[in-house]
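Descriptive analysis of the structure
Now for the letters of each chain:
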Amino acid sequence: MAIYKGITIDDDLASLMRHMQGVEEYREVLGKLQAAWDTLTLLGQLTGAAAEMSGTREAFQGLTGDLLNHLGRETRNKSVADLRARAQNAIDILIRNLFERTADIGFIAADDDVREFLLDATASREVMQERFREYVAKYSVYSDIVLFTADGEIRTRLVDHPVTASSHALIRDTLASSGAYVEYFGAADFLLPGQHLVYAWRVEDADGTALGVLALVFRLTDEMRGIYRHLLPPDDWTVLACVTAEGTVIASSSAIQVPVGAELPVATLATLARDSAVVRFGGREYLAVACSTHGYQGYMGPGWLGLGLIPLEFAFNRDDSVLLSNVDQTVLDTVMRQPTLFADGLREIPRRAERIQQDLNRSVWNGSVRQIDASQGNAAFAKTLLWEISNAGRKTQAVFEQSIGNLHQTVVAAILQNSLSRAAFAIDVMDRNLYERANDCRWWALNATFRRVLDDQAIDAAEAGRCTEVLAYINNLYTVYENLVLFDARGTVVAVSRDAHRGLVGQRLDEEWVPRALSITNSQGYVVSDFAPTRLYGGRHTYVYAAAVRDPAGEAAVGGIAIVFDAAPQFDAMLADALPRDGNGQVVENSFALFTDASGRVLASSSDEFAIGSKFAAATRSGGTRILAIGDRHYAVGAATSAGYREYKCSDGYRNDVVALCGFPLGDSAALPAATTRNVAAATSNRRGSGSGVELATFHIGQRWLALPAANVVEAIDTSGLTPPTGAEGDVVAGFRMYRNKLITVLRLDKMISGTNESSSTEQQIVVVKTHGKICLGLLVDSLGEIPEVPADDIQSTLSMNAAPGVLVTGIVRNMRRDGEGDTLLSVLDIERLCGRIGCHGCDQKPAQVLTQMQAA
């Protein structure tokens, strides 16, 4: 533990606390209150008016340290969780993108036009360059495409470069590789100076002999810029970076703070991968984390890490108001009372504060009782002191309640932020995935085999078989498709990629998107079906992407290609990856993730509770965060709307508004009872009338507000050591307790008055009473009230209405109602009638005698 400005805090918070403005504000307020407590305690000890205050002061001091620790930890945890989510999303989104590149290289390296170009030494370089331009026009993630012969000569490339041959190891490694692709990051003699990410594979003839190597150069800097722009608002101080396993920065959202090429110690990266830490970089201190990728379908990428940093001076100043702006305060109050939402230590703080306040109330109450026998001068000073102590207690309790409320809001806001982050991840992954589908159908429509075969008016079985082989090869590389369908200009199916769908061959497609696809006039156009059931997907919901296949001259559409997205497992995988997880990496029980359209119709769901085609809460479709009651639970729901990716849904003319939602369970949606706390006010205002004043010691049982003459009260004590009577369950005797070396009987006053149990508190207290100067009994009460001095003529007798000996209430105080208690009047008890009611005629009787007399009565 460490000492921070007089407060004992956790070691790992010592360097952070001064940057937490909200925590600092509470520390200052509580520090001022602590100084007031010190003064009041000293005065209480000097006057004897509040000798019990030392323990209360120390308890408040200890609770202050615990509260500030929890505030600090939750503030740090929220910032770290947000930082980690962004760094994790950045690296995972990148790796999913690179996974697609590993499929691209395999397909384009097997392209017939590329193979034929290498086989024909006289083939035109310009024709192949145009084909590369067509490819990059669709797959805009590439900056260059380079085609080598087997000996390293550059036959052609997309971007002009003075180098005509290369001896780079990438060529040799690709020719010798037994895998499906070669992934390389570093400098290359056939590219501009700098680091490049390249995917390469062999181009082979029909016999499998290597003809050369094709290399795709990925636009890494451009891609990372887009990822960071999506994850970081313009006014955000967070810095995101991508680093190699050796600690070299290869991409950064801030070239000034974390420049590309900067080095981080490997040991520091290992530390940041385990937990957050404060690091010094470029002369500035940052809160930092590092995240390894979760991978995608077994692909783990080049071994890079996502790095998140935020300057310490800005790390903890995020405004939660936006996250909570759409949350109804009543709902928020209900959620913050959920017992399972907060850690044990956090839940214990309000309980400890309540117990301390109860002890303070009892001390003040007892101090007021003791002043009855004091001299007038001392009593006046003591009452003033007790009032100040009570006032200090109310202020301290208010600060604690406010800080605890803010602490709970911080926890809820962190959950809302996590839900929003997971939803944003899901929709980003979806947009990027479907971007590839739009590219695939357009590129495959340019396949030379498809164009030649469909241009033939009479397609024979051999030609159809060749198309089937190409489709099957593609589908084996791109496993996100249920089926690929090639159809002619009449919409008749010519070939499919999957044997299971051979029955479609020869059938005419009557889907609405077929004529739209055949009417496309250029190679950049594509169409997409609605997300709806289709026979091409066994009657299930999916998207079908399609593009026109043009004749070899490019003049007319001779057919089309349709790709049937395997929506069920693909969307399920996206949503599963978006589900919130606990500290052990396990999916949070009862959480959910959804895709819906703009109207709230469910497209995909991680939970059986939300069927595809059903409607979800339309209030979330605009994005943002909400707390929603779904079934019997409250959920923190984050919603993110589709924003597209590169040209997809942004500039290509296609619109399809989709919303991703992520729900985190917050507990039972039934309203939980709010904690009720009655604050005591010591030495309240005197209300002198024409008669002499009477001081009344008041207390509460259930909804009743009761009083005894303060002269008949010794003090209030806690219930520790209260032993219930054997065999007396349900009786008016609550039990027996040792008090000042004497065993006293403790009564259930509510049962004596009404015959029923009216108590509403689990933290009861015992009021010890006396008659004739001798300790007599204890009364079990819910809470203590004030001790007012009222004129005797304000106490209206009730004996005229009911003077039976068993009646305990003998008077009502006129014109006095408890604030916030509605019409509850203050009822005055008669101690002699109380003793007479239980058959206790002498205060020297033993408890056993009292119990025997009660049973006889």
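This text goes with the structure placed above it.
Since we're looking at a predicted model, the values are computed, not measured. Every chain begins its residue count from 1, and numbering advances along the sequence as written. Totals for whole chains, interfaces and linings use every residue, but because this is a predicted model, local features are given only for residues with pLDDT of at least 70 and side-chain atom pairs only at 80 or more, for both listing and counting. Side-chain metrics in this entry use all non-hydrogen atoms of the structure; hydrogen atoms and water are not considered.

All right, on to the overall build of the protein chain then. Per the secondary structure count, the protein chain includes 18 helices and 36 strands. Relative to its length of 857 residues, the protein chain is extended, with a C-alpha radius of gyration of 39 Å against a globular reference of 29 Å. Once the C-alpha set of the protein chain is aligned to its principal axes, its extents read approximately 125 × 60 × 45 Å. When a residue's accessible area, from a 1.4 Å probe over protein chains only, is under 20% of the maximum for its type it is buried; when over 50% it is exposed; and in between it is partly exposed. Out of the 857 residues in the protein chain, the part that is buried amounts to 55%. Carbon and sulfur atoms make up 51% of the accessible area of the protein chain, which amounts to about 35900 Å² in all. In this tally Asp and Glu are treated as negative and Lys and Arg as positive; neither His nor the chain ends contributes. For the purpose of locating charges, the reference atoms are NZ of Lys, CZ of Arg, CG of Asp and CD of Glu. Positive and negative charge centroids in the protein chain, built from 79 and 103 side chains respectively, lie 6 Å apart. Helix and strand labels come from DSSP, where a helix needs a run of H or I of at least four residues and a strand needs a run of E of at least two; each type is numbered from the N terminus. Based on C-alpha atoms, the radius of gyration is set beside the globule rule, defined as 2.2 Å times the residue count to the power 0.38. Under the convention used here, a 1.4 Å probe and the Shrake-Rupley method define accessible areas, while residue burial counts only the protein chains that appear.

This next bit is on the packing of helix α3 (residues 112-119) against helix α4 (residues 125-138). Only the stretch in contact is used when fitting a helix axis, every axis being a line fitted to C-alpha atoms; angles between N-to-C directions are given from 0 to 180 degrees. Running from amino to carboxyl end, α3 crosses α4 at an angle of 160°, the nearest separation of the two axes being 11 Å. Classified by the interaxial angle, the pair formed by α3 and α4 is roughly antiparallel. As α3 runs across α4, the sense of the crossing is left-handed. Counted together, Asp-113, Val-114 and Phe-117 of α3 and Arg-125, Met-128, Arg-131 and Phe-132 of α4 form the full contact between these two elements. The residue inventory of the contact of α3 with α4, partitioned by class, reads four nonpolar, no polar and three charged. For classification purposes, angles smaller than 35 degrees are called roughly parallel, those larger than 145 roughly antiparallel, those between 65 and 115 roughly perpendicular, and all remaining angles oblique. Crossing handedness: left-handed means the near helix sits turned counterclockwise from the far one by under a right angle, and right-handed means the same turn made clockwise. Two residues form a contact once any of their heavy atoms are found within 4.5 Å. Polarity classes work like this: nonpolar for Ala, Val, Leu, Ile, Met, Phe, Trp, Tyr, Cys and Pro, charged for Asp, Glu, Lys and Arg, and polar for all others, with Gly in that last group.

With that settled, the discussion passes to the packing of aromatic side chains. Centres within 6.5 Å make a pair out of two Phe, Tyr or Trp rings, where for Trp the six-membered ring is used; the pair is then stacked when the planes are under 30 degrees apart, edge-to-face when over 60, and tilted otherwise. One pass over the full model with this rule turns up 28 aromatic pairs. Seen from their ring centres, Tyr-543 and Tyr-545 are 6.5 Å apart, and the 65° between their planes marks the pair as edge-to-face. Like Tyr-543, the residue Tyr-545 is buried in the burial classification. Seen in terms of ring centroids, Tyr-648 and Tyr-654 are 5.8 Å apart; in terms of plane orientation they differ by 40°. Their pairing is tilted. The burial state of Tyr-648 is the same as that of Tyr-654; both residues are buried.

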